[in-house]
Amino acid sequence: MNRGSFERSILVTGAAGFIGSTFANLMVPRYPKDRFVLLDALTPIADPNNIDSATRNATNCVFEKVDIRDRAALERIFNTYKITEVINFAAETHVDMSLVNPQDFIDTNIVGTHNLLQLARACGIRRFHQISTDEVYGALGPEDPAFTETTPLAPRNPYSASKASADLLVLAYHRTFNLNVVITRSSNNYGPRQDTTKLIPLFITCLLEGKKVPLYGDGKNVRDWLFVEDNAQAIDIVFRNGVPGEVYNIGGNCERSNNEITVMLLELTGRDESAIEHVADRRGHDFRYATGTAKMHKLGWEPQTTLHDGLERTVRYFRSKTEEVP
């Protein structure tokens, strides 16, 4: 198979995950002249049903079950589909699991990314877009200014350390081998299809099922919340218009404590504060993240979804999934 009449042949890794599938569902119909090769290892936190049937059946889309740790399988994908660009969403992302089994995070987030970089260089890829996280910057105090793209990297757990390492590899391939790369680092995403081990979908599903929500510590930890579709739109802008070798932070301009998020979810699900169960705090739990977006604003992007609207859409989605269960 060759590129045929397609202007690009874009490899999207981690495409059955939360953010990757949202990106695919939005962009496959938007760009009919581009072929999207959706790739995922289908680990337990991924779901092929995250990719809409209309997306999977589109003439400019193909899905392949491949693990980015498998160099030989990746090489087959690059050669078969004549890949011209790469967007790497594939990653192990659960902080708690990185404390239990760090090796999986090293193997996927670092070694897997390096496999992609080696093949991208060998095949003359026109752009390599690495999807990263604001967690590579470490933690902030209550009065610290928001992270910028020049904030020193200071990861505090195996997950964020593995993502920071991958970012440095990507930038090294740009500086050493002149590979055309961009990196986006987003704040905490939420929205439909998110894995239910994450805070917002976990709390929603517990509340809808009449269970209590396990709130870490005193609930004062602060995150900058970003609706997943807003992140997908920002990623597309950077992929197509970002300056080679540059990093772009994507934030929701929406700092809220876990307590505040919990109260909003209680209201949206009709539960009260008796549904909160305080549990022991997580080891190395970062206190606060805040992600500056001035650089993205220069590219013409800003978040469009309010926290209330985004949470309402997310609750509606998980309510519909709960009602589907016999």
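The structure presented is a predicted model; accordingly, all values stated were derived computationally and were not measured.

A.B. asks: Which residues make up the nonpolar core, and what values go with them?
C.D. replies: Grouped together as the largest cluster of nonpolar side chains are 33 residues, with contacts concentrated most on Leu11, Phe78, Ile83 and Phe128. Of all the elements in the fold, those that place two or more residues in this core are β2 (34–40), α3 (71–81), α5 (102–122), α6 (158–177) and β6 (181–186). For this core, the element with the highest residue contribution is α3, accounting for five residues. Counting residues in each nonpolar core, the second largest holds 31 residues, with Phe36, Ile131, Val182 and Phe239 among its members.

A.B. asks: A description of the environment of Thr197 should follow, citing residues and the corresponding values.
C.D. replies: Mapped onto the elements of the fold, Thr197 is located in the loop between β7 (188–190) and α7 (199–208). Remark: the alpha-carbon pair of Thr197 and Asp224, spanning 27 residues in sequence, is separated by 18 Å. Look past the residues within four positions of Thr197 in its chain and what remains in contact with it is His94 and Leu202. One polar contact links Thr197 to His94, side chain to side chain, over a distance of 3.5 Å. Side-chain polar atoms of Thr197 contact the side chain of Asp195, separated by 2.2 Å.

A.B. asks: Just give me the short version of the layout of surface pockets, but keep the residues and values in it.
C.D. replies: By volume, the second largest pocket amounts to about 190 Å³. Along its surface, the second largest pocket is lined by Thr43, Pro44, Ile45, Glu92, Thr93, His94, Met97, Asn101, Asp104 and Phe105.

A.B. asks: Which residues make up the sheet that holds strand β9 (residues 222–227), and what values go with them?
C.D. replies: Across the sheet, which stays open at both edges, the three strands sit in the order β7-β9-β11 with mixed pairing between neighbours. Both edges of this open sheet fall to β7 and β11 (255–257), since each of them pairs with a single strand only. Across the sheet, the mean angle from the axis of one strand to that of its neighbour is 50°, orientation sign disregarded. The sheet contact formed by β7 and β9 spans three bridges and is parallel.

A.B. asks: Residues and numbers for the packing of aromatic side chains, please.
C.D. replies: Inspection of the entire model under this criterion finds eight aromatic pairs. Aromatic pair Phe23 and Phe89: ring centres 5.4 Å apart, planes at 50°, arrangement tilted. Residue Phe23 is found in helix α1 (residues 18–30), and its partner Phe89 is found in the loop between β4 (85–88) and α4 (95–100); the two are separated by 66 residues along the sequence. You can call Phe89 buried: its relative accessible area is 10%. Ring centres 6.3 Å apart and planes at 75° place the aromatic pair Tyr190 and Trp225 in the edge-to-face group. Taken as a pair, Tyr190 in strand β7 and Trp225 in strand β9 lie far apart in primary sequence, 35 residues in all. With a relative accessible area of 1%, Tyr190 lands in the buried category. Here Trp225 falls in the buried class, since its relative accessible area comes to 6%. Ring-pair connections join several aromatic residues into one group, and the members of that group are Tyr137, Phe147 and Tyr289. Sitting over the face of the ring of Tyr289, Arg223 holds its NZ or CZ atom 4.0 Å from the ring centroid. Lying across the ring of Tyr248, Lys295 places its NZ or CZ 4.8 Å from the centre.

A.B. asks: Go over the sheet that holds β2 with me, naming the residues and quoting the values.
C.D. replies: Spatial strand order, β3-β2-β1-β4-β5-β6-β10: seven strands in an open sheet with parallel pairing. Looking at the sheet topology across the chains shown, the edges are occupied by β3 (61–65) and β10 (246–250). In this sheet, neighbouring strand axes are inclined to one another by 20° on average, regardless of whether the strands run parallel or antiparallel. Two strands pair when backbone bridges link them, and β2 and β3 are joined in this way by five bridges, in the parallel orientation. The partner of Leu39 across the bridge, within β3, is Glu64. In the packing of α3 onto the sheet, contacts are made with β1 (8–13), β2, β3 and β4, and the angle to β2 comes to roughly 165°. Sheet strands touched by α5: β1, β4 and β5 (127–133). Its angle to β5, the strand with the most contacts, is close to 165°.

A.B. asks: Explain α7 residue by residue, including any values.
C.D. replies: Across the ten residues of α7, seven count as buried, placing the element largely inside the fold. Among the residues of α7, those classed as buried are Ile200, Pro201, Phe203, Ile204, Thr205, Cys206 and Leu207. Backbone geometry just downstream of α7 places Gly210 in the positive-phi region, at approximately 80°.

A.B. asks: Explain unusual backbone geometry to me, and be specific about the residues and the numbers.
C.D. replies: Located in the positive-phi region is Leu42, a residue other than glycine, with phi close to 55°. As for its position among the elements, Leu42 is in the loop between β2 and α2 (53–56). Look at Leu42 and you get partly exposed, because its relative accessible area is 27%. Positive phi, close to 50°, is recorded for Lys82, a residue that is not glycine. Mapping Lys82 onto the fold places it in the loop between α3 and β4.

Rules and cut-offs
Residues numbered from 1 in each chain as written. Predicted model: local features only at pLDDT ≥ 70, side-chain atom pairs only at ≥ 80, totals over all residues. Heavy atoms only, no water. Core = buried A, V, L, I, M, F, W, Y, C linked by side-chain atoms within 4.5 Å. Buried < 20%, exposed > 50% of the residue type's maximum accessible area, 1.4 Å probe, protein only. Helix = DSSP H or I, 4+ residues; strand = E, 2+ residues; numbered from the N terminus. Contact = heavy atoms within 4.5 Å. Polar contact = N/O pair within 3.5 Å; in protein donor to acceptor, adjacent residues only side chain to side chain. 1 Å grid on protein atoms, 1.4 Å probe; cavity = no way out; pocket = protein on both sides within 12 Å on 5 of 7 lines; lining within 4 Å. Points joined across faces, edges and corners; volume = space filled by probe spheres on them. Pairing = 2+ DSSP bridges. Axes fitted to C-alpha atoms, helices over the stretch in contact; angles between N-to-C directions. Phe/Tyr/Trp six-rings, centres within 6.5 Å; stacked < 30°, edge-to-face > 60°. Lys NZ or Arg CZ within 6 Å of the ring centre and 35° of its normal.

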